[in-house]
Structure formats: structure tokens, C-alpha cells
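Take a look at the letters that make up each chain.
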Amino acid sequence: MKDRLLQWLVCPDCAGGLTLAVYRRQDNEVNEGTLQCQCGQIFPIIGGVPRLLCDPLSRNLPRLYPDFFQRHSDLLENQAKSAAIGVSTGNKATIDRFGYEWLHFSDYNCDNFDQFVASLPAEFFNGKLGLDVGCGAGRHVRQASRLGAEVIGIDLSHAVDAAHLNNIDNDRVHIVQADVYNLPFNNGIFQFIYSLGVLHHLPDPERGYRALPALLSKGGSLFIWVYAYALRKVALELLRFISQRLSNHNVRRMAYLCNLIDYGIFINTYRLLANLPLAGISIKRHSPLRVKEYANYGFSVGYTDWFDRLSAPITNYYRENEMQAWLQHGGLCKTVLRLEGDSWWWLYGERKA
Ligand SMILES: [Zn+2]
């Protein structure tokens, strides 16, 4: 954690200011320490990442970072206070699945950030402070910082460890473990907030969406991508019915098998035929968008995406009237709602200036 991150953080429980205590510094970062609030909450900084989780989510930390809590056993008492409260089964499964995904696929190199932000002006990111909600292994924060922004990436799972390591040399990226339902930031500080393919995995996606506009500065922009309803998603739900009953390792095997069929047959056939003289032009024009997109990437991107599809405990798909309702409740102006391919909704809005 860089010291300058502190100016933007508050207690996720009471929104009070936080006091930093440093246990260990490494490479100009706080590698271990705590952030304390006057309300009594103490949030550990583990492996360079502040863990701003409220009870009961913070109860997972001693299990995941036993070495840290062995060195600072006094902090265990703080965790034990909440021992009576359980983490809901859905939340636990989500944290477990996505944490596993981004630690095992942390080298996921699908640079599709350009596609996600294609509607924005070229200078959109330059000089702004932004928030990435659900940053996973941190590939989008890296891209946004390259376009000139300073970005804070949050994720609920221990994927933040991969995100931190993937951006360790980047002064303009900050990673925080946090929950979208209890965000640890002052209101009105971000010039942009985005969430790319994440909110539909929440137990209550609209509640997550509605937590975000208050954090925008006046005139600030919010844009999200969420899954659109499509008939083929019903077939996917049949596969997910099986995968939800498998261990993380076996979901990986199933994802590999699905991608062998998907990539090996469909994508490779497209690649072969699209290069044919004359007929290739027609094939390029009439092939589904997803086939054309995956033809640009290697096998590993499809493999990771299959794991993502099969492993997420919760996946919601949205119709247009539901997205319109989000926009109505979000309190934003200059709103745009657009279907991208048959898979995604692009939703954009600005806070009134
Ligand atoms: Zn507090």
C-alpha cells in the first residue's frame, strides 16, 4: 500500500477516518500494518494490500494468511470478536471461486480493455482518479493507468494478491480488498468508476450498482458491463448445473474440456475458413461476434473464460426493461444503454454537475 492511498480511504463500517500503523515497509510500500478507526475496527494490511472488510467477511483472513496472524497474534483477538457471525454460504462460495480463479489464471492476458472503453473519448482517462469495482487479477487497472488515470482496484476475494503483484511497479495503481456493499471510500472523490463483467455475479447486483453513484465527483462518469439475456445462456446454465457441484480443480478440468471443443472445433474452423479467398469474406461477415473475438486470442484466454463461466456461483442475465430500471434508480444523467453483440449490456451515466 502506498501512503498516498490513505487520503481516499475511510472505515467501511462507520465512514470514519483511518489511522495507519506500519509494521513493515518494503519497496516504498507498507507491506504489513493496520488501519484503525475510532469506532474500534482494525483492518490489517497484508502483503501490501489493505483488507477493508467488515465482519463477517474479515473472518476469512486468518485462514488465508496464517503467517501474518502468527506474527501479529494480537490482531486475532479482533477477528475473534466476530466469531459468532457466519459468512453467508453464497458469499463464501463466491470469494472461494473467484479467489481461486484469479490466483490460478493470474497471467490471463486478454487485453480487451479497449473494447470495454471503445465508446469513450481518447482522452477520457487522462489525469483522473478512478475506481475499478471487481478488479480480479488487475489487468484493467493496468490499462486505465496506462491511459493516464490513477486507479484504485477493489475485489472481494484474495484475487487482490494477484492484482497487487501484477501492478507492483505501477505508482498509479492501488489495490484494496473491499466489499461493494460496504465501500471504504469518501463520497464524491472519483472522476470515473467502472465495473466490467462483475456486478452480475453479486447476490444483489442492482444494490451493488446503486452503491456507486454517490462516490462520483460532480460530472463524474460511471460505466458498467453486465451479461445480457440470450437463449444460448440457458444451455450454459445446464453445464453450470453440473459445474456448481464440482471442486475448483474439477471445474478447471471441465473448463479445459469445454474449451477444447469450443476453441478446437468452432474457433479453429472459423480461423481456417475465414482465410479462404472470396468465401472468407462472407464467413467473416456472418459468424457470431464471440467466435470472431476469440479468434483473436490464444487457447488460454478461452480456457480462463470457460472457468469463469462455469465456476461463478451466481450469474444473472438481464433484459432491457431490467436495465432501464437500473438507470431510473441510479440518479445519473446523460445515460446510455446499449446491447453489445448478444452478450452484454453497456450502461453509462454521469453524476449531475
Ligand atoms: Zn469505523
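(A) The arrangement of the overall build of the chain in detail. When helices and strands are counted, the chain shows 14 helices and 11 strands. Taken over the C-alpha trace, the chain has a radius of gyration of 21 Å; the compact-globule value for 353 residues is 20 Å, and the two agree within 12%. Here the C-alpha coordinates of the chain stretch approximately 70 × 50 × 40 Å along the principal axes. Residue burial in the chain is summarised as follows: out of 353 residues, 39% are buried. Once local pairs closer than 6 in sequence are excluded, the contacts in the chain between residues at least 24 apart make up 65%.

(B) View of the pairing of strand 11 (residues 344-350). Relative to strand 11, strand 9 (residues 216-227) runs antiparallel, the two sharing seven bridges. Its bridge partner lying in strand 11, serine 221 is registered against glutamate 350. As paired elements, strand 10 (residues 333-340) and strand 11 share six bridges and run antiparallel to each other. Each bridged residue has a counterpart across the sheet, and for leucine 337 the counterpart in strand 11 is leucine 347. With antiparallel pairing between neighbouring strands as the criterion, strand 10 and strand 11 make up a hairpin whose turn holds three residues, including glycine 341 at a positive phi of roughly 60°.

(C) Structural detail: the pairing of strand 2 (residues 29-37). The sheet contact formed by strand 1 (residues 18-26) and strand 2 spans eight bridges and is antiparallel. By the bridge assignment, leucine 20 is partnered in strand 2 with leucine 35. Counted along the chain from strand 1 to the antiparallel partner strand 2, the turn is two residues long, and its residue aspartate 27 has a positive phi close to 50°. As paired elements, strand 2 and strand 3 (residues 42-46) share four bridges and run antiparallel to each other. Bridge pairing links leucine 35 to phenylalanine 43 in strand 3.

(D) Examining the domain arrangement of the chain more closely. The domain boundaries assigned to the chain delineate domain 1 (3-87), domain 2 (113-229 + 317-350) and domain 3 (232-311). Using only C-alpha atoms to locate each centre, domain 2 and domain 3 end up separated by 26 Å.

(E) Structural context of the sheet that holds strand 11. If you walk across this open sheet you meet the seven strands as 7-6-5-8-9-11-10, and the pairing is mixed. Taken across any chain shown, the strands that pair with only one partner, and hence form the sheet edges, are strand 7 (173-177) and strand 10. On average, each strand axis in the sheet is tilted by 15° relative to the strand beside it, whichever way the strands run. Pairing geometry for strand 5 (residues 129-133) and strand 8 (residues 190-196), over three bridges, is parallel. Considered in strand 8, the bridge of leucine 131 is made with isoleucine 193. Against the sheet, helix 6 (residues 139-146) makes contact with strand 5, strand 6 (150-155), strand 7 and strand 8, and its axis sits at roughly 170° relative to strand 6, the strand it touches most. Docked against the sheet, helix 14 (residues 320-330) engages strand 10 and strand 11, running at close to 15° with respect to strand 11.

(F) Spatial organisation of unusual backbone geometry. Of note, the bond from aspartate 55 into proline 56 is cis; its omega dihedral lies within 30 degrees of zero at 0°. Despite not being glycine, alanine 15 shows a phi value in the positive range, around 65°. Tracing the backbone shows alanine 15 in the segment before strand 1. Even without glycine at this site, leucine 278 takes up a positive phi of about 65°.

(G) Expanded view of the packing of helix 9 (residues 232-243) against helix 13 (residues 299-311). Packing of helix 9 against helix 13 brings their axes to within 8 Å, and their N-to-C directions diverge by 75°. Accordingly, the angle class assigned to the pair helix 9 and helix 13 is roughly perpendicular. For the pair helix 9 and helix 13, the contacting residues are Leu236, Leu239, Arg240 and Ser243 in the first and Arg309, Leu310 and Ser311 in the second.

(H) The sheet that holds strand 1, seen in detail. Taken together, the four strands give an open sheet; going across it, the order is 1-2-3-4, and neighbouring strands pair in antiparallel fashion. Of all strands in the sheet, those with a lone pairing partner are strand 1 and strand 4 (49-50), marking the two edges.

Rules used in this analysis
- Residues numbered from 1 in each chain as written.
- Predicted model: local features only at pLDDT ≥ 70, side-chain atom pairs only at ≥ 80, totals over all residues.
- Helix = DSSP H or I, 4+ residues; strand = E, 2+ residues; numbered from the N terminus.
- Rg over C-alpha atoms; globule rule 2.2 N^0.38 Å.
- Buried ≥ 20, exposed ≤ 12 C-beta atoms within 10 Å, placed from the backbone.
- Contact = placed C-beta atoms within 7 Å.
- Pairing = 2+ DSSP bridges.
- Domains from an automatic or database assignment.
- Axes fitted to C-alpha atoms, helices over the stretch in contact; angles between N-to-C directions.
- Parallel < 35°, antiparallel > 145°, perpendicular 65-115°, else oblique.

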